[in-house]
Amino acid sequence: MPILSLLAFFTVWQGLAIYINRNILPSPETVAGVFWQECQSGRLPFHLGATLLRLMAGFSIAMLLGCAIGIILGRNKKLDAFFDNWLVIFLNIPALVTIILCYVWFGLVEWAAILAVVINKLPNVIVTIREGARTLDQDLLEMARCYHFDRRKTLIHIIWPQLYPFVMGATRSGLALIWKIILVVELLGRSNGMGYQLHLFFQLFDVAGLLAYTIAFVTVIQLIETIILKPLDKEAQRWRRS
Amino acid sequence: MMATIKIDIQRKAYPSLERANNHPVILDFALSLKSGEFVCLVGPSGCGKTTLLNIVSGLDRDYTGEITVEHRHATPIIGYVFQNPRLLPWRTVRENIELVLNDRQPDRIIDDLLETMQLTQAQHSYPERLSLGMSRRVSIIRAFVINPDILLMDEPFVSLDAPTARQARELLTKLWRQRPHTVLFVTHDLREAIALADRIVFLSAAPMRIACGVNVPLARTNRNDENMIERFRQQLINDYPEINQLL
């Protein structure tokens with residue numbers, strides 16, 4: 001079934017390309033050619049790698065901080081009430097504004113780029129994890145207290161399994177959000193990475209190059225989903241009645 | 001292995017929005033348990049029995065009074081069988097039991113407990129696949145395995161069908177006779193209390209107070225006999241007509 005739907009997708013694309021017959025929509029074949037060239041020259045792996053590194057850095061920092069802050073806010077009503085407005089403000093600042101501000105304040109440096117990514121992603125993680133921490137099962141927490149579980153044991157065996165679906169949710173929506181932001185970050189202030197390359201293709205009106213890079217990137221994200229996230233999910237959910 | 005416990009609660013009330021409405025749940029409640037004694041608390045639903053167990057267990061510290069547990073460790077070890085089994089759904093039966101142990105115990109101890117409670121077959125299942133009766137038995141093992149100074153049980157057999165509840169009671173008795181502990185067992189079923197207890201304490205409705213206490217002199221070996229239990233129940237109700245309103 002997935003193969004069939006992919007095949008249909010490429011057929012429609014091919015058909016449209018033949019019908020339009022101009023450079024603005026190259027056929028899948030042309031794009032594949034460009035893709036192969038870019039891979040061989042090493043440009044694509046280099047820029048893709050640069051973007052993925054930023055993705056990993058930004059994503060890990062945002063997830064770690066977000067989980068910690070989310071749990072604290074979810075478990076502490078006073079702090080939550082105090083910081084709730086802050087969260088709403090940060091959630092609603094456009095990504096572009098944070099990116100520009102980071103570059104203006106800290107210069108066009110790597111860590112400013114990553115900081116911009118983190119600031120954009122962090123509020124989303126906090127909000128999701130906070131929801132999870134608010135709904136923690138009070139009965140199980142009492143049980144843990146009664147049986148003298150220490151903090152570590154409570155976190156690992158009681159809290160984490162309940163937060164897990166929320167963390168996975170934050171991870172999935174996070175990956176999708178972060179890589180879009182990273183491209184803008186790179187486009188505005190970095191001299192490597194996918195965003196930088198896309199900017200170049202834009203200036204040259206090179207749609208084939210643009211599509212080749214996009215496909216490479218989408219494939220990588222899909223691989224992360226199938227190779228890492230899906231098996232993790234399966235492992236963690238094995239106790240549920242199917 | 002065993003402990004004496006003294007419960008002395010002068011007053012317990014839940015904070016209420018209206019100050020005037022701050023009725024006490026428990027008032028002037030004093031009860032002592034001898035070492036190794038099995039005491040059943042019998043009282044109407046909602047009279048504050050769970051609140052009492054939460055206070056004894058240390059989960060609820062917002063009360064006036066004092067709980068003294070004679071114990072062997074820095075803090076008393078308390079095994080609490082909650083009304084809902086409160087097992088971790090993401091851990092197997094065996095993992096749920098192992099988790100409450102702080103240091104590694106020989107596997108044999110858990111094996112024995114599982115065997116006694118007839119759960120050996122189910123030890124690697126996840127709680128969602130167990131029946132309610134089985135989950136309740138797992139939570140009883142979990143309370144026994146830590147070798148507690150006192151065991152608290154909050155209606156562990158409520159909402160089981162009669163034969164399942166009876167089987168669970170018999171297994172509990174067997175376990176308790178193998179490993180005697182001081183037990184405070186809450187129920188609203190007088191027959192169940194007679195089947196299990198050394199002593200039954202009847203409680204009045206809010207504010208909860210002790211109405212009366214009765215020893216159960218039946219031999220442990222006769223406690224499976226439904227007729228015997230029924231006869232004792234009739235006799236109790238004749239001797240103490242006031243408990244009729246408390247059931």
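Residues numbered from 1 in each chain as written. Chains lettered and ligands numbered in written order. Predicted model: local features only at pLDDT ≥ 70, side-chain atom pairs only at ≥ 80, totals over all residues.

**A word on the packing of helix α8 (residues 151–189) of chain A against helix α9 (residues 194–204) of chain A**
Residues and elements named next belong to chain A. At a closest axis distance of 6 Å, the pairing of α8 and α9 adopts a crossing angle of 65°. Crossing of α8 against α9: the hand is right-handed. Between α8 and α9, the contacting residues are I182, L183, V184, V185, E186 and L187 on the first element and M194, G195, Y196, L198 and H199 on the second. Classifying every residue of the contact of α8 with α9 by side-chain character gives eight nonpolar, two polar and one charged. (Axes fitted to C-alpha atoms, helices over the stretch in contact; angles between N-to-C directions. Helix = DSSP H or I, 4+ residues; strand = E, 2+ residues; numbered from the N terminus. Left-handed = near helix turned anticlockwise from the far one by under 90°. Contact = placed C-beta atoms within 7 Å. Nonpolar A, V, L, I, M, F, W, Y, C, P; charged D, E, K, R; others polar.)

**Description of the environment of M117 of chain B**
All names here are of chain B. Position of M117 among the secondary structure elements: in the loop between α3 (107–116) and α4 (132–145). On the basis of neighbour count, M117 is assigned to the buried category, with 21 C-beta atoms found within 10 Å. A sequence separation of 46 residues divides M117 from H71, and the C-alpha atoms of the two residues are 27 Å apart. If we skip the residues at most four places from it in the chain, M117 touches R137, I140, I141, L171 and L175. (Buried ≥ 20, exposed ≤ 12 C-beta atoms within 10 Å, placed from the backbone.)

**Focus: the confidence of the model for chain B**
Within chain B, residue pLDDT values average 86, and 97% of them lie at 70 or more. Predicted complex, confidence summary: ipTM 0.86, pTM 0.81. (pLDDT = per-residue confidence, 0-100.)

**As for the sheet that holds strand β9 (residues 210–215) of chain B**
Residue and element names in this part refer to chain B. If you walk across this open sheet you meet the six strands as β5-β6-β7-β3-β8-β9, and the pairing is mixed. Sheet topology places β5 (78–81) and β9 at the edges, where each strand pairs with a single neighbour. Here the strands of the sheet are splayed against their neighbours by 15° on average, with no regard to which way each runs. With five bridges connecting them, strand β6 (residues 150–154) and strand β7 (residues 182–187) associate as parallel partners. The partner of L151 across the bridge, within β7, is V183. (Pairing = 2+ DSSP bridges.)

**Observations concerning the interface of chain A and chain B**
Between chain A and chain B, the contact holds twelve residues from the first and 16 residues from the second. Secondary-structure elements contributing two or more residues to the side of chain A that touches chain B are α7 (138–146) and α8 of chain A. Looking at which element gives the most residues to the side of chain A that touches chain B, the answer is α7 of chain A, with six residues. Classifying every residue of the side of chain A that touches chain B by side-chain character gives six nonpolar, one polar and five charged.

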